[in-house]
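# A closer look at the structure
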Amino acid sequence: MYLDEYKRWMAAELEDADLKPELAKIEGNDDEIKDRFAVALKFGTAGLRGVLGAGTNRMNIYVVRQATQGLANWVKTQGGSQTVAISYDSRLKSDIFAKTAAGVLAANGIKVRIYDALMPVPALSFATRYYQCNAGIMVTASHNPAKYNGYKAYGPDGCQMTDDAAAIVYDEIQKTDVLTGAKYISFAEGVEQGLIRFVGDDCKKALYDAIEARQVRPGLCKTAGLKLVYSPLNGSGLVPVTHVLNDMGITDITIVPEQEYPNGYFTTCSYPNPEIFEALKLGLELATKTGADLMLATDPDADRVGIAMKCPDGSYELVSGNEMGALLLDYICAGRIEKGTMPKNPVAVKSIVSTPLADAIAAHYGVEMRSVLTGFKWIGDQIANLEAAGEVDRFIFGFDLLHISRQTVSMNMGIEVFLFLEGADLAVTINKHGKRWCLHSTNYQLLVVKSGKQPCAVYADNPVSLGTAQSRFIKTVIFFAVFQVIEALSDSSVLKRADPQTLERLCASGFVVDKPKNQLTLASGIRRTDKLGNALVFHKITQYSELLRLVLWDLKTPLLRDDGQIVISPLGIAFIVGACIRKPHQMTDAP
């Protein structure tokens, strides 16, 4: 079947000049052909995402046309304005895919509002609501490596599509032939017919005005004297971020020159995620040189921000999402009470995997905290419910976290402790002095402080030194977690379905991937050591599933080689466990 599809693409007159040479190059290579044509990229609530290239399992103009035809079929059943907003980031072919989607929509008689230059996800969401659109399209692969691109679909509320809507769109996509099934006219023709129009300056101004209106203490930034270093990581954030900062009164901004302008190759960092140290390295060096108070960075579609703050000793420390969420919630509540702008019966929303500290902060200020499933669309759903009830002013803040971590720029993690908690109910906060971490669960609490050179654990409010019963407990959890993960991921057949990005990350991290044999191995005798000095030795690990991507998934502490060893943070193990193990297990003692 996949060979027939490959031959059909080879015989077709493909409009993208890059595709035919790629297809010709893989002729006779069954593995390469199968990888491109055996399956198709699946459309879900997050849209599409895949490697650029030829085939149904790649991002190209034909897959974009097919997806947009499915979206158009859904839009035509929705009534309303029959309009779709489109934006795109700096990734390779993002502008081409955006105009391709506009051409399909116009061919279906659907009006389009498209930005005339790259703009981030928040701008797309705003335009979707501003023009009362039926849907929005953002061409981006977020913070993935340069060889990826994607296609995010949004509902009329500016949030990602609901499961029900995405399922309907997916069904329509399945009915559409990838090469010939989509209606299409050129972008120029759509403009001539008046179906495609650019987003107007009125919408852009309204966006900036709306952002600036959210200031809790208006005018404060004009007198704060903040000195900033900012990096858009060669993405779409440069214009909107600097515009907002300047309008608020922050003018001492130094842009990281190597990462200032759009560049879809992301030559300065292979993984442009502003939450990891490697992506912020140039910015942090510049911040140290200029003595900046803060270093900010946004990912390519500028819906994710990394923040590093200057410490009293002159070093810089990354602020985790949970920490920032807690700080913002406290600041907003205190500031609005101070200014008399706190609404009656205020509401904040967080995801169920975000820090429980937010609940305590909300309770302190008399704010109703609502917990929802992971994903900003569920926070948006709560806002929509308040809008429908005529109470949208009650909403003051929302944030969503999938994970937590902390890292100093010098890579000196200090003390890290992890817990195996059911349902990934793991959260961490740090006090103002940076000397105490608090890991919360619904059942117990473990505080870890540093007293001189000797780590000291406080478990259930009873201080004990590491090496006693509590240390034994920690070691037990470490070994228990590791072996449970191995057991849970023992289905080798799943490795065949691992996406290329997963395999790439694993290979880059010292793993050996033998895809034909469905094996992932570590060289014999490789040792992993946790930060508390407990050695975890693996002689050979095989037959992992695609969930092993979580080993390095967005961790602030990557695997580090040290005298031939691979070192992983125990907190990193907790991420794996929290994401993979969904039911309680009986603990066994450490080996």
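Structure: see above.
A brief look at the structure comes next. (Residues numbered from 1 in each chain as written. Predicted model: local features only at pLDDT ≥ 70, side-chain atom pairs only at ≥ 80, totals over all residues. Heavy atoms only, no water.)

### Structural notes on helix α11 (residues 238-248)
Structurally, the α-helix is built with 3.6 residues per turn, so residues lying three or four positions apart point the same way. Worth spelling out the cut-off: Each residue gets one of three labels from its accessible area relative to the maximum for its type: buried under 20%, exposed over 50%, partly exposed in between, using a 1.4 Å probe on protein chains only. Secondary structure follows DSSP: runs of H or I at least 4 residues long count as helices, runs of E at least 2 residues long count as strands, and numbering of each begins at the N terminus. Here, two residues are considered to be in contact whenever any of their heavy atoms come within 4.5 Å of each other.
Residues of α11 that are buried include every one of Leu 238, Pro 240, Thr 242, Val 244, Leu 245 and Met 248, and no others. Looking at the buried side of α11, the elements it contacts are α9 (201-212), α10 (220-224), β7 (228-231) and β8 (253-255). Residue Gly 249 follows α11 closely and has a positive phi angle near 105°.

### Let's talk about the nonpolar core
For clarity, the cut-off: Here, nonpolar core means buried Ala, Val, Leu, Ile, Met, Phe, Trp, Tyr and Cys residues that are tied together by side-chain atoms lying within 4.5 Å of each other.
Counting 51 residues, the largest nonpolar core has Trp 9, Phe 43, Leu 71, Ile 86, Ile 137, Tyr 151 and Met 161 as its most contacted members. Counting residues per element, this core draws most heavily on helix α4 (residues 61-75), at nine residues. Leaving out residues up to four positions away in the same chain, Leu 71 has contacts with Ala 135, Ile 137, Tyr 151, Met 161 and Val 169.

### Some words on the packing of aromatic side chains
For clarity, the threshold we go by: Here a pair means two rings of Phe, Tyr or Trp (six-membered ring of Trp) with centres within 6.5 Å. Their orientation is stacked below 30 degrees between planes, edge-to-face above 60, and tilted elsewhere. Any Lys NZ or Arg CZ that is within 6 Å of a ring centre and within 35 degrees of that ring's normal is treated as a charge sitting over the ring.
Tallied over the full model, the rule gives seven aromatic pairs. Where Tyr 130 meets Tyr 131, the ring centres are 5.1 Å apart and the plane angle is 85°; that geometry is what we call edge-to-face. Assessed through its relative accessible area of 34%, Tyr 130 is described here as partly exposed. Overall, Tyr 131 belongs to the buried group, its relative accessible area being 16%. An aromatic cluster of three or more residues is present, and its members are Tyr 6, Trp 9, Phe 37 and Tyr 62. The ring of Tyr 170 is capped by Lys 42, whose NZ or CZ atom sits 5.3 Å from the centre of that ring. Positioned over the ring face of Tyr 184 is Arg 65, at 3.9 Å from the centre of the ring.

### A few points about the environment of Trp 9
Note the cut-off: For this analysis, a polar contact is any N or O atom pair within 3.5 Å, provided that within protein one partner can donate a hydrogen and the other can accept it, and provided that sequence-adjacent residues contribute only side-chain to side-chain pairs.
Structurally, Trp 9 is set in helix α1 (residues 2-11). Residues Trp 9 and Lys 20, 11 residues apart in the sequence, show an inter-C-alpha distance of 8.4 Å. With residues up to four places along the chain from it excluded, the contact list for Trp 9 reads Leu 14, Leu 19, Lys 20, Leu 23, Phe 37, Ala 54, Gly 55, Thr 56, Asn 60, Tyr 62, Val 178 and Leu 179. A polar contact of 3.0 Å, which involves the side chain of Trp 9, links it to the side chain of Glu 5.

### Regarding the sheet that holds strand β13 (residues 368-372)
The criterion, for reference: The pairing criterion is simple: DSSP has to find at least two bridges between the two strands. The axes used here are C-alpha line fits, helices contributing only the stretch in contact, and every angle between their N-to-C directions lies in the interval 0 to 180 degrees.
If you walk across this open sheet you meet the three strands as β13-β12-β14, and the pairing is parallel. Where the open sheet ends on each side, the last strands, each with one partner, are β13 and β14 (395-399). Strand-to-strand twist in this sheet, taken as the mean axis angle between neighbours without regard to direction, amounts to 20°. Relative to β14, strand β12 (residues 347-351) is paired through four bridges, and the arrangement is parallel. When the sheet's bridge partners are listed, Val 349 is paired in β14 with Gly 398. Contacts from helix α13 (residues 321-339) reach β12, β13 and β14, with the element oriented near 170° to β14.

### Describing the pairing of strand β2 (residues 83-88)
Basically, it comes down to this: A crossover gets the label right-handed when its path from the first strand over the helix to the second runs clockwise, viewed with the strands pointing away from the viewer.
Taking burial as the measure, the six residues of β2 include six buried ones, the bulk of the element. In β2, alternate side chains face the same way, and those of Thr 83, Ala 85 and Ser 87 on one face and Val 84, Ile 86 and Tyr 88 on the other are all buried. Summarising the sheet, β2 and strand β3 (residues 111-114) pair through four bridges and their orientation is parallel. By the bridge assignment, Val 84 is partnered in β3 with Val 112. After leaving β2, the chain enters helix α5 (residues 94-107) and then returns to the sheet as β3, a path that is right-handed. Pairing between β2 and strand β4 (residues 135-139): five bridges, direction parallel. Counterpart to Ser 87 in the pairing with β4 is Met 138.

### Here's the deal with the side chain of Glu 260
Where we set the bar: This count recognises Lys and Arg as positive and Asp and Glu as negative, with His and chain-terminal groups excluded. The rule for a salt bridge is simple: a side-chain nitrogen of Lys or Arg has to be within 4 Å of a carboxyl oxygen of Asp or Glu.
One can find Glu 260 in the loop between β8 and α12 (277-290). Nearest to the buried, unbridged Glu 260 among oppositely charged side chains is Lys 289, at 14 Å. Discounting chain neighbours no more than four positions away, the residues touching Glu 260 are Pro 232, Asn 234, Leu 238 and Ile 255.

### Remarks on the pattern of salt bridges
Under the counting rule described, the total for this entry stands at 23 salt bridges. Between Asp 16 and Lys 93 there is a salt bridge, and its shortest N-O distance comes to 2.8 Å. Of this pair, Asp 16 sits in the loop between α1 and α2 (19-25) while Lys 93 sits in the loop between β2 and α5, and the two are 77 residues apart along the sequence. With relative accessibility at 12%, the residue Asp 16 sits in the buried group. Taking relative accessible area as the criterion, Lys 93 reaches 22% and is therefore assigned partly exposed.

Honestly, that's just the spatial picture; any functional story needs more than this.
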